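Architecture and fold: a report
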Amino acid sequence: MKSIQKSKSILLQAALLAAALPVAAQHSDYPIQPVDFTHVHLTDHFWAPKIQVNADVTIPYTLDQCRRTGRIDNFLMAAGKMPPTKYTEYPFDDTDIYKVIEGASYGLQVQKNPKLELYLDTLIRIIADAQEADGYLYTFRTMKPAKPHEWLGSKRYEKEEDLSHELYNAGHLYEAAVAHYVATGKKNLLNIATKNADLLVKDFGYGKEEKAPGHQVVEIGLAKLYRVTGKKEYLDLAKFFLDIRGPKGSEYSQANKKVVDQTEAVGHAVRATYMYTGMADIAALTGNEAYLHAIDAIWNDVVERKLYITGGIGATGNGEAFGAPYQLPNMSAYAETCAAIANVYWNNRMFLLHGDAKYIDVLERILYNGVLSGVSISGDRFFYPNPLASMGQHQRSAWFGCACCISNMTRFLPSMPGYMYAQNKNNLYVNLFAGGTASITLPAGKVSLVQQTEYPWQGQVKLIVNPEKNTTFALQVRIPGWAQADIVPGELYQAANKQQQPLVMTLNGKPVKYQLVKGYAVISRTWKKGDAVAFTLPMDVQKIYAKPDVKDDKSRFALQRGPIVYCLEGPDNKDSAVQNIVVDKSAAIAAVNKPGLLNGVTVLEMKGSSTKRQLNSDQLITSDQTVTAIPYYSWANRGPSDMVVWIPYEASAAKPKPAPTIASKSKVTASIANARMYKALNDQYDPESSQDHNAPYLHWWPKKNTLEWVQYDFDQEYTVSQSKIYWFDDGPWGGCRIPASWKLYFKKGDDWVPVTVVGNYETVKDKYNQVQFEPVKTTALKLEIQLPAEHATGIHEWMVK
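The present account deals with the structure reproduced in this document. (Residues numbered from 1 in each chain as written. Predicted model: local features only at pLDDT ≥ 70, side-chain atom pairs only at ≥ 80, totals over all residues. Heavy atoms only, no water.)

1. Overview of the overall build of the protein
Formally: The secondary structure listing takes helices from DSSP runs of H or I that are at least 4 residues long and strands from runs of E that are at least 2 residues long, numbered from the N terminus. Any residue under 20% of the maximum accessible area for its type is buried, any over 50% is exposed, and the rest in between are partly exposed; the area is computed with a 1.4 Å probe on protein chains only. By definition, residues are in contact when any of their heavy atoms lie within 4.5 Å. To measure how exposed things are, a 1.4 Å probe is used in the Shrake-Rupley method; for residues, cover is taken only from the protein chains shown. Charge assignment: positive for Lys and Arg, negative for Asp and Glu; neither His nor the chain ends contribute. Each charge is placed at NZ for Lys, CZ for Arg, CG for Asp and CD for Glu.
From N to C terminus, the protein includes 15 helices and 32 strands. Counting only residues that meet the buried cut, the protein has 61% of its 801 residues in that class. Of the contacts made within the protein by residues no fewer than 6 positions apart, 71% connect residues no fewer than 24 positions apart. Per element, the accessible surface of the protein, about 30800 Å² overall, is 51% carbon and sulfur. Of the side chains in the protein, 86 bear a positive and 81 a negative charge, and the two mean positions are spaced by 5 Å.

Spelled out as structure tokens, the structure:
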């Protein structure tokens, strides 16, 4: 019983999420405090099952993968318990262990699991053994391998501003340590974390190591340690790491300007949003107004010019980065899962600072779309990028060499209930809608809140207020922006129908007046047990148009119902194709509940048309069809397939289904192991240029100066005499260039024979390189490519006639 009381005491003092309750010694923090997820119990049919799958499947699966892939061995080698013969791929692989411990710890706070707790203790002992005597913890250096990883540098922190990730690892260690301490009351991991943090306090600062973290997150971790320990040196160090950044560094890591002078989101999207989150934390804890002005300006830049309709951020895989304003390509969208999660953290902090519902509007959009798409319904397949269009080249993976998104998902999902409610003095905020209960302690008294809803599929919401005694406070219920036809703050996306009626609320069955304040319906009164507030959010399907500046969405609309963004996917539509579908802007759309599809979803059905090409004819075949849309988060759970979020309403924006050709019917093989790229060669998708990332492509990066090949095995014997190649070249910044040379061979018996070329092999960018050769009768062609001396090569398309 004493240990239970001790744990409860800890819960009142420690921070689990970004802005948990401050300890008594502190005088400043966020004006609004979240209701900790340990006080929120979900019983709904949407989030509760997903959180359970995370606990039952994703966390054990990820722990097992960390063992199988050698991530635990890294710590054993650093501890001297294994010879340092083979380390994993990246120095930041240590953080996968930390993040899974964090996620598992969150789970332990909701549901006791002695077996899991024991396993975590075993992992923590291994981590402790890998820590050096002075607190340094970085397995890749401590294990002293014969051939050190090239990112390390010759001494501690030498390459921190570049690629070593020493401080990034520390930040995730601190977050895990706080979560584990709060969950169990044990200090075994917290002691490791504070020992490491004390070392950073000793090593970093003005007149010492004056370096900014290469990959931000340590700032967030230090703020959490400060909240738990009250040790101001941790807060001061977090501020130092922000203030020392810029202005002579790279835009990629947000070091091109001092943080207080930044007004635009640039560079690596995960680094950026972790930094903005850290700036919010330090601003809340110190009252730094300059940080606030900077992140306010940056937030406006993101939501008005750089946010996907799914809530994803990061337009380009080149640097996993934000693009230029309105650069929001669909098929090549990066929209990394980690960036979506970091964007939730940041928007939640912005709400805690400002109390405006617009930040929760963005947060909700990310939650239901950009985050959830990152994990399969089964909980053991994952997306790293989250594109908004596909021709089947995107598939969920069982694991990634860089597994940050997988481990991030394991720690994020258990904490989701912590975003539902918040409080500021005697103001109780209802931010998100999901069935369940919550226990809140306001200054005026204790309140139990019951939420009844089938959201996001239905719009009816009922809030039953049960104060311990009659209690006066303000209930602030968020009215989602989408319910008022405001799709996102700003003008980046607009709903076709802007006519929305004011939301009617009832109190105990009778209409009640409320004040609308910063997007919240505020009802102030003395509440008694059983008081019930009810309302119905409009669940009309909204057609959404992007600002004309977003050229990739021209002549297209997206569909949204409630908070859910929809997409068209091959399995639900004629010929398993969706790139060729056109739906009229005035088409009626019906919402249909499908309890047996994708674990139970509401689909959208409408009339549309599709087009096909014919062989040896420019005439298109057009046919009418029923078009079905599914929730975007649920796509790619039935294998690789066609998918689009933005649906053409003009034929010019659609891509007719190609007629079958020799190439499209061929089996592809190549000197590259990733068979997912093979389809790019014969998908008949014409790129706009060699650098067109929206067009699928096959590439050999990071190889260079090697002889490579691709091969077509035909479905039957053909006489062929022409081939066309469209090279992928992402210079000057990317790693692929047109080849040094190339040759074509045909199969003759068991031998490969060079074709007799009529003219020359053309090797230029931004066009099909055509080669004519004397006709050959064959069952296969092989393309041999000599990579440039300093670069790889890629291919968009390979045609055969």
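The discussion continues.
2. Regarding unusual backbone geometry
A cis amide bond, omega 5 degrees, links G246 with the succeeding residue P247. Residue P702 is bonded to the preceding W701 through a cis peptide linkage, with omega at 10 degrees. In this structure, P702 sits in the loop between β26 (698-699) and β27 (707-728). Even without being glycine, K518 reaches a positive phi, approximately 50 degrees.

3. Notes on helix α9 (residues 218-229)
Formally: One less than the residue count of a helix, multiplied by 1.5 Å, gives the span that helix is expected to have.
Taking 1.5 Å per residue, 12 residues should reach 16 Å; α9 reaches 16 Å between its end C-alpha atoms and fits that length. When you tally the buried positions in α9, you get 11 out of 12 residues, the bulk of the element. Buried residues of α9: V218, E219, I220, G221, L222, A223, K224, L225, Y226, R227 and V228, and no others. Immediately beyond the C-terminal end of α9, within one or two residues, lies G230, with a positive phi of roughly 75 degrees.

4. Quick notes on the side chain of R556
Operational definition: Identification of polar contacts relies on pairs of N or O atoms within 3.5 Å, with a donor-acceptor requirement for protein atoms, meaning one able to donate a hydrogen and the other able to accept it, and with residues adjacent in sequence counted only if both atoms are side-chain atoms.
Tracing the sequence through the fold places R556 in strand β17 (residues 556-561). Of note is the side chain of R556, whose polar atom sits 2.7 Å from the backbone oxygen of A653. The residues contacting R556, other than those within four sequence positions of it, are I544, Y545, W646, I647, P648, Y649 and A653.

5. What about the pairing of strand β20 (residues 589-594)?
Short version of the rule: When DSSP locates at least two bridges between a pair of strands, those strands are taken to pair.
Here β20 runs beside strand β21 (residues 601-614); their pairing, made up of 6 bridges, is antiparallel. Counterpart to A590 in the pairing with β21 is E605. The loop that links β20 with its antiparallel partner β21 comprises 6 residues; one of these, L598, has a positive phi angle of about 50 degrees.

6. Some details on the nonpolar core
Filter applied, for reference: Put simply, buried Ala, Val, Leu, Ile, Met, Phe, Trp, Tyr and Cys residues joined by side-chain atoms within 4.5 Å make one nonpolar core.
W47, Y174, Y493, F535 and V645 are the most contacted members of the largest nonpolar core, which totals 230 residues. If near-sequence neighbours (up to four positions away) are discounted, W47 is found in contact with L42, L367, Y368, L372, L413, M416 and A434. L698, F714, Y718 and W742 belong to the second-largest nonpolar core, a separate cluster that totals 31 residues.

7. Things to note about helix α4 (residues 94-110)
Between the first and last C-alpha of α4 there are 26 Å, a value that for 17 residues agrees with the 24 Å anticipated at 1.5 Å per step. Burial within α4 is extensive, with 15 of its 17 residues counted as buried.

8. Details of the pairing of strand β25 (residues 667-670)
Burial along β25 is one-sided: the face carrying V668 and A670 is buried and the face carrying K667 and T669 is not. Here β25 pairs with β27 via 4 bridges, running antiparallel. Within the sheet, the bridge partner assigned to K667 lies in β27 and is D713.

9. Section: the packing of α9 against helix α11 (residues 269-286)
Cut-off, in case you're wondering: With axes taken as lines fitted to C-alpha atoms, and helix axes fitted only over the stretch in contact, angles between N-to-C directions fall between 0 and 180 degrees. Note that the term roughly parallel is reserved for angles under 35 degrees, roughly antiparallel for angles over 145, roughly perpendicular for angles of 65 to 115, and oblique for everything else. Should the near helix be turned counterclockwise from the far one by less than a right angle, the crossing is left-handed, whereas a clockwise turn marks it as right-handed. Note on residue classes: Ala, Val, Leu, Ile, Met, Phe, Trp, Tyr, Cys and Pro are nonpolar, Asp, Glu, Lys and Arg are charged, and everything else, Gly too, is polar.
Packing of α9 against α11 brings their axes to within 8 Å, and their N-to-C directions diverge by 30 degrees. Judged by the inter-axis angle, α9 sits roughly parallel to α11. Relative to α11, α9 is oriented so that their crossing is left-handed. Counting all contacts with α9, which are made through E219, I220, A223, Y226 and R227, the residues of α11 involved are Y274, T277, G278, D281, I282 and L285. Per-class residue counts for the contact of α9 with α11 are 6 nonpolar, 2 polar and 3 charged.

10. Thoughts on the sheet that holds strand β15 (residues 531-536)
One open sheet holds the 7 strands; their spatial order is β2-β6-β7-β8-β15-β11-β12, and the pairing between them is antiparallel. Looking at the sheet topology across the chains shown, the edges are occupied by β2 (40-42) and β12 (510-511). Here 3 bridges tie strand β11 (residues 505-507) to β15, and the two strands are oriented antiparallel to one another. Along β15, the bridge assignment pairs T506 with A534.

11. Brief notes about the packing of aromatic side chains
For clarity, the cut-off: Ring pairs are drawn from Phe, Tyr and Trp, using the six-membered ring of Trp, whenever the two centres fall within 6.5 Å, and their geometry is named by plane angle: stacked under 30 degrees, edge-to-face over 60, tilted for the rest.
Inspection of every chain in the model, using the stated rule, returns 43 aromatic pairs. Ring geometry for F473 and W527: centres 5.6 Å apart, planes at 25 degrees, overall stacked. Pair noted here: F473 is in strand β9 (residues 471-478) and W527 is in strand β14 (residues 520-527), with a separation of 54 residues, a long-range link. F473 sits in the buried class, given a relative accessible area of 3%. A ring pair is formed by Y493 and W646, whose centres lie 5.8 Å apart and whose planes are at 25 degrees; its orientation type is stacked. One end of the pair, Y493, is in strand β10 (residues 493-495); the other, W646, is in the loop between β23 (642-644) and β24 (647-648), and 153 residues separate them in sequence.

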